[in-house]
Amino acid sequence: MLELRAPAKINLGLEVIRRRPDGYHDINTIFAAVDLHDTIFLKSRPDNAIDCRVEGNDSLTSDRNNLCVRAAEALRNATGCRRGLDIALHKRIPMGAGLGGGSSDAAAVLKGAATLWGIDPGDRVLHELAAGIGSDVPFFLGAPLAIAVSRGEELRALDMNLPHAILLINPGIHVATPWAYGAVNRGSGRSASDLTTILQRGLVSPDLLAGQLVNDFEPAVFAEYPLLRMLKERLYEAGALFALMSGSGSTMFGLFQRMEDALHAATNFPGCWHAVTRFAARRE
Ligand code: C5P
């Protein structure tokens, strides 16, 4: 039996650069893994079935749409392995919330099932399988802080420690990612910012981040869901050094100096799901 932690991520800036001929969009973003995580238990089965039980969120079923099952099947198809797998998924990360929960679960299953089955497909194959499951799945195979371009699967690890406490707020709104990309409507393209430099400067003075680290989904998503703009404003009113939407929403995050600041700010959001967390530590 293997126990795995599948962390959530936030986007420290998310620029939609252009629409591509394949229907995807080139983006420019920094993915940052946080301590909030789902827990996954993997066990071999005597037969060759792949089964997934989900606890903590009944809107997910164990069918083929579950990214964990898709990950295990993709690994078997790529390697010819016929072993079975029992997956028990304890969800803490809200679904479809811009926090990458499903993608992180899939990446954890890819790595974990390879270990459990005693197969080593190699980093390149794992990355390809991950990218086939979803654009942000490859991030969860690697370093906890990375700049991502292309459709999000081309990654470069960043060697930085982010000390802030993070407050995540989600009002239960579901934003469909394909709709959000369509709504950005980046026909003529935009230039990509140097997000690494912006983040480095922001580590020294966080107030430099506001206005420089943007999420291109915000204008369209806020126009459709004005509550989200209000939540961002409320994060600033509650003392956030910086606030932004993660992914295509609907989770809003605020960065705070100290954990107690973030915990105190959380009391301003009754009725919303919230979590106070930190950036995941670098692996030495
Ligand atoms: O890759 P993933 O399955 O997560 O993407 C879901 C949808 O989001 C895609 O079908 C596409 O409509 C949109 N998308 C995009 N550009 C990206 C990532 C996702 O247009 N870089």
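Cut-offs applied
Residues numbered from 1 in each chain as written. Predicted model: local features only at pLDDT ≥ 70, side-chain atom pairs only at ≥ 80, totals over all residues. Heavy atoms only, no water. 1 Å grid on protein atoms, 1.4 Å probe; cavity = no way out; pocket = protein on both sides within 12 Å on 5 of 7 lines; lining within 4 Å. Points joined across faces, edges and corners; volume = space filled by probe spheres on them. Helix = DSSP H or I, 4+ residues; strand = E, 2+ residues; numbered from the N terminus. Domains from an automatic or database assignment. Contact = heavy atoms within 4.5 Å. Buried area = accessible area lost by both parts, 1.4 Å probe. Salt bridge = Lys/Arg side-chain N within 4 Å of Asp/Glu carboxyl O. Polar contact = N/O pair within 3.5 Å; in protein donor to acceptor, adjacent residues only side chain to side chain.

1. Some points on the layout of surface pockets
It is the rolling of a water-molecule-sized probe over the atoms that shows where space remains empty.
Phase 1 of the analysis: Of the voids in this model, the largest pocket is the one considered here, and its volume is about 1000 Å³.
Phase 2 of the analysis: The wall of the largest pocket is formed by 43 residues, among which Ser-103, Ser-135, Asp-136, Thr-177 and Ser-248 lie closest to the centre.
Phase 3 of the analysis: Elements with a minimum of two residues in the lining of the largest pocket: β1 (2-19), β2 (25-45), α1 (67-79), α2 (101-117) and α4 (177-184).
Phase 4 of the analysis: For the lining of the largest pocket, the domains that each give at least three residues are domain 1 (2-156) and domain 2 (160-278).

2. Quick word on the environment of Ala-106
Phase 1 of the analysis: Inspection of the secondary structure puts Ala-106 in helix α2.
Phase 2 of the analysis: Considering only alpha carbons, one finds Ala-106 and Ile-133, 27 residues apart in sequence, at a separation of 7.9 Å.
Phase 3 of the analysis: Once residues within four sequence positions are removed from consideration, Ala-106 is found in contact with Leu-67, Ala-71, Ile-133 and Val-137.

3. Thoughts on the domain arrangement of the chain
Phase 1 of the analysis: By domain assignment, the chain separates into domain 1 (2-156) and domain 2 (160-278).
Phase 2 of the analysis: Listed per partner, the contact involves 29 residues of domain 1 and 35 residues of domain 2.
Phase 3 of the analysis: Both sides of the domain 1 and domain 2 interface together cover about 2500 Å² of buried area, and 64% of this is carbon and sulfur.
Phase 4 of the analysis: Summed over the three residues of domain 1 that lose the most area to domain 2, namely Leu-14, Glu-15 and Val-16, the buried surface amounts to 22% of that side.
Phase 5 of the analysis: Along the contact surface separating domain 1 from domain 2 lie 1 salt bridge.
Phase 6 of the analysis: With a shortest N-O distance of 3.3 Å, Arg-190 and Glu-15 are connected by a salt bridge.
Phase 7 of the analysis: Our enumeration of links across domain 1 and domain 2 arrives at 18 residue pairs in polar contact (both at pLDDT 80 or more).
Phase 8 of the analysis: Within the residue set of the side of domain 1 that touches domain 2, elements represented by two or more residues are β1, β2 and β5 (145-149).
Phase 9 of the analysis: The element best represented in the side of domain 1 that touches domain 2 is β1, accounting for 11 residues.

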